[in-house]
Amino acid sequence: MVKDKVMDLVDKGLMLPLMEEFYTIQGEGYHKGTAAYFIRVGGCDVGCHWCDVKESWDADIHPPTAITGIVENAAKYSDTIVVTGGEPLTWDMGPLTMALKDKNLKTHIETSGAYALTGVWDWICLSPKKNKLPQSEIYGKAHELKVIVYNKHDFIFAEEQAAQVDKNCVLYLQPEWSVREKTIPLIVDYVMKNPKWIVSLQTHKYLNIP
Ligand code: SF4
């Protein structure tokens, strides 16, 4: 009975399987180097083989947590809140983002776009994945396209994805961490030949922060 009630609240986006939350420096993409509070929501079935947060995949191991508490906590630390995962769009992001906006906080999301876009966002970082492509509606709304480069084919994938976003969307190529020594020279060369792209590095990993 209690379990059903919790599941109902999760379905409505009033509770979310919270994996972790922390105040740190955004390491990647357009807002890199700026302080932000991160909310990492569990649950993802996209299945990237190189995923560096595989412990996020199983939503059942992350406690359903009331969004009111999440928002109260977040507001203590920063005016910029980054919702990440996992895949946050597994869940209805409407209630969480509306509660964050009620406190005048800026809402950012990091998503593969694999599921319907919910929520009110000041910044959408779309990081598409080959095994579960984004839903078409998100392309025109993304502020930033961040393609992870694991191998050479990812440059072709990146161009296919860039062809679908708005002309003002900022384009990033980011080396997958475990193969960075091999892919950074390829990315540098590619960006010099195709300067609409910008290099993104996971600077938080170099800084040794979360
Ligand atoms: S979409 Fe993100 S969280 Fe999900 S498997 Fe891929 S890298 Fe991991």
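Structure's up top.
A quick note: this is a predicted structure, and the numbers were derived from the prediction, not measured. (Residues numbered from 1 in each chain as written. Predicted model: local features only at pLDDT ≥ 70, side-chain atom pairs only at ≥ 80, totals over all residues. Heavy atoms only, no water.)

### Some remarks on the side chain of serine 56
Inclusion rule: Only runs of H or I of at least four residues qualify as helices and only runs of E of at least two qualify as strands under DSSP, and these elements are numbered from the N terminus. Residue burial is assigned from relative accessible area. The probe radius is 1.4 Å, only protein chains are included, and a residue is buried under 20% of its type maximum, exposed over 50%, and partly exposed in between. Contacts described as polar in this section are N or O atom pairs within 3.5 Å, which, within protein, must combine one atom able to donate a hydrogen with one able to accept it, while residues neighboring in sequence count only if both atoms come from side chains. Whether two residues are in contact is decided by their heavy atoms, any of which lying within 4.5 Å being enough.
Mapped onto the secondary structure, serine 56 falls in the loop between strand E2 (35-41) and strand E3 (64-66). On the basis of relative accessibility, which here comes to 0%, the residue serine 56 falls in the buried class. In this structure the side chain of serine 56 is engaged in a polar contact, spanning 2.6 Å, whose partner is the backbone oxygen of valine 53. In this structure, serine 56 is in contact with Met19, Gly42, Gly43, Cys44, His62, Gly85 and Gly86, ignoring residues within four places of it in sequence.

### Notes on the nonpolar core
Most often, soluble globular proteins have nonpolar side chains that are buried together. What counts is decided by this rule: Buried Ala, Val, Leu, Ile, Met, Phe, Trp, Tyr and Cys residues form a nonpolar core when they are joined through side-chain atoms within 4.5 Å.
Met93, Leu96, Leu145, Leu173 and Trp197 are the most contacted members of the largest nonpolar core, which has 43 residues in total. If we skip the residues at most four places from it in the chain, methionine 93 touches Leu16, Val41, Val83, Pro88, Thr118, Gly119 and Trp121.

### Remarks on empty space enclosed by the protein
We count it as follows: Here a cavity denotes grid points, spaced 1 Å and computed from the protein atoms alone, that fit a 1.4 Å probe unable to get out, and a pocket denotes an open set having protein on both sides within 12 Å along at least 5 of 7 lines; residues with an atom within 4 Å of a point are the lining. Grid points are joined across faces, edges and corners, and a volume is the space filled by probe spheres set on the points. By the convention adopted, Pro, Cys, Tyr, Trp, Phe, Met, Ile, Leu, Val and Ala count as nonpolar, Lys, Arg, Asp and Glu as charged, and the other residues, Gly among them, as polar.
Taken as a whole, this structure holds 1 cavity of 30 Å³ or more when the rule is applied. What the largest cavity holds in volume is close to 60 Å³. What lines the largest cavity is a set of 13 residues, among which Gln26, Glu110, Trp123, Cys125 and Glu144 lie closest to the centre. Those elements that place two or more of their residues in the lining of the largest cavity are strand E5 (106-111), strand E6 (123-126) and strand E7 (144-149). At 3 residues, E5 tops the list of elements feeding residues into the lining of the largest cavity. Broken down by class, the residue content of the lining of the largest cavity amounts to 5 nonpolar, 4 polar and 4 charged.

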